[in-house]
Amino acid sequence: DGGITQSPKYLFRKEGQNVTLSCEQNLNHDAMYWYRQDPGQGLRLIYYSQIVNDFQKGDIAEGYSVSREKKESFPLTVTSAQKNPTAFYLCASRSISERVNTEAFFGQGTRLTVV
Amino acid sequence: GQQVMQIPQYQHVQEGEDFTTYCNSSTTLSNIQWYKQRPGGHPVFLIQLVKSGEVKKQKRLTFQFGEAKKNSSLHITATQTTDVGTYFCAGRSSGSARQLTFGSGTQLTVLP
């Protein structure tokens, strides 16, 4: 059953703690993305990766970190430096081709709440 | 960098009324994609347009890609409560295979 899986679905964090959100895909996609979505808001790009061991900052990377040690996995760490981390986090993946335009597949999302 | 703007941000319609959302890019796009996110869900791919002036239909949904490939629209005829959600456009700039930029989305509410 191919797809992209995020865990956990809900996450609660105390202020000052780092937390890591998991994102795994078995679609053999090269590119993976992390987006943040606030209530009634669009998708803001945090980080993206196009190849293993390489990633780039998106529009709102401050207070976040990522790694891409395996093609299938792209975990996101929300650090204590992120001042307002309560949000819905979406991971996505897509294949990359110069010739064919490809769609993005999204995970179910992780809803992070700071308590 | 590439910017994709979407209007309106919110739209409330009475069931049975039509609805349109517009997407505008600051750069020429090689393709435009549309996604729908149901409340509490995740974005799901609807369709992709590639050719200048292209029009595609999915039942009550009509998608258009502008002649200059810098704008697009999604029109829903006779909305139903199942159409509720946020609609996003996503564009890829010509010459760039790797970046897909999402618009800010239009949140549609359908009143019964």
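Computed from a prediction, not measured in an experiment: that's the story for all the values here. (Residues numbered from 1 in each chain as written. Chains lettered and ligands numbered in written order. Predicted model: local features only at pLDDT ≥ 70, side-chain atom pairs only at ≥ 80, totals over all residues. Heavy atoms only, no water.)

Chemist: Mind laying out the nonpolar core, listing which residues take part and the relevant values?
Modeler: Ranked by size, the top nonpolar core spans 19 residues in total, and within it Leu-21, Trp-34, Leu-76, Val-78 and Tyr-89 of chain A carry the most contacts. Those elements that place two or more of their residues in this core are strand 3 (19-25), strand 4 (31-37), strand 5 (44-51), strand 7 (64-66), strand 8 (76-78) and strand 9 (87-94) of chain A. Once residues within four sequence positions are removed from consideration, Val-78 of chain A is found in contact with Arg-13, Gln-17, Asn-18, Val-19, Leu-21, Gly-63, Tyr-64, Pro-85, Tyr-89 and Leu-112 of chain A. In terms of nonpolar packing, the next biggest core, distinct from the first, is built from 18 residues, Val-4, Cys-23, Leu-74 and Ile-76 of chain B among them. (Core = buried A, V, L, I, M, F, W, Y, C linked by side-chain atoms within 4.5 Å. Buried < 20%, exposed > 50% of the residue type's maximum accessible area, 1.4 Å probe, protein only. Helix = DSSP H or I, 4+ residues; strand = E, 2+ residues; numbered from the N terminus. Contact = heavy atoms within 4.5 Å.)

Chemist: Tell me about the pattern of salt bridges, residues and numbers included.
Modeler: Tallying each qualifying case throughout the model produces five salt bridges over all chains. The closest approach of N and O atoms between Asp-30 of chain A and Lys-71 of chain A, which form a salt bridge, is 3.5 Å. Here Lys-71 of chain A lies in the loop between strand 7 and strand 8 and Asp-30 of chain A lies in the loop between strand 3 and strand 4, a separation of 41 residues in the sequence. Judged by its relative accessible area of 24%, Lys-71 of chain A is partly exposed. Here Lys-56 of chain B and Glu-54 of chain B are joined by a salt bridge, their closest N and O atoms 3.8 Å apart. Of the residues examined, Glu-54 of chain B reaches a relative accessible area of 17% and is grouped as buried. Put simply, Arg-36, Asp-38 and Arg-44 of chain A are held in one network by salt bridges that share partners. (Salt bridge = Lys/Arg side-chain N within 4 Å of Asp/Glu carboxyl O.)

Chemist: Give me the environment of Val-50 of chain B: which residues, what numbers.
Modeler: Mapped onto the secondary structure, Val-50 of chain B falls in the loop between strand 5 (44-49) and strand 6 (55-58). Taking the relative accessible area as the measure of exposure, Val-50 of chain B reaches 32% and is therefore partly exposed. Along the chain, Val-50 of chain B and Ser-30 of chain B lie 20 residues apart, while their C-alpha atoms are 6.4 Å from each other. What Val-50 of chain B contacts, discounting residues up to four positions off in sequence, is Asn-101 of chain A together with Ser-30, Asn-31, Phe-65 and Lys-69 of chain B.

Chemist: Go over the pairing of strand 5 of chain B, please, and point to the residues and values.
Modeler: All names here are of chain B. Judged from the five bridges that link them, strand 4 (residues 29-37) and strand 5 form a sheet pairing that is antiparallel. Within the sheet, the bridge partner assigned to Trp-34 lies in strand 5 and is Ile-47. The turn linking strand 4 back onto strand 5 is made up of six residues, and Gly-40 within it adopts a positive phi angle of 80°. (Pairing = 2+ DSSP bridges.)

Chemist: Please set out the state of the cysteines residue by residue, giving values where relevant.
Modeler: For the coordinates displayed, the defined rule picks out two disulfides over all chains. Covalently, Cys-23 of chain A is tied to Cys-91 of chain A through a disulfide, its sulfur atoms 1.9 Å apart. Here Cys-23 of chain A and Cys-91 of chain A share a disulfide; its torsion about the S-S bond, -80°, makes the bridge left-handed. Of this pair, Cys-23 of chain A sits in strand 3 while Cys-91 of chain A is found in strand 9, placing the two residues 68 residues apart along the sequence. The same class applies to Cys-23 of chain A as to Cys-91 of chain A, namely buried. Covalent S-S linkage joins Cys-23 of chain B and Cys-89 of chain B, the inter-sulfur distance amounting to 2.0 Å. Given an S-S torsion of about 75°, the disulfide between Cys-23 of chain B and Cys-89 of chain B has right-handed geometry. Linking Cys-23 of chain B in strand 3 (residues 19-25) with Cys-89 of chain B in strand 9 (residues 85-93), this pair joins segments that are 66 residues apart in sequence. The exposure class assigned to Cys-89 of chain B is buried, which follows from its relative accessible area of 0%. (Disulfide = S-S within 2.5 Å.)

Chemist: Hey, could you go over the sheet that holds strand 7 (residues 61-65) of chain B for me, with residue numbers and the actual values?
Modeler: Residues and elements named next belong to chain B. One open sheet accounts for five strands, arranged 1-3-8-7-6; its pairing is antiparallel. Single-partner strands in this sheet number two, and they are strand 1 (4-7) and strand 6. Recorded for the sheet is a direction-independent mean angle of 15° between the axes of neighbouring strands. (Axes fitted to C-alpha atoms, helices over the stretch in contact; angles between N-to-C directions.)

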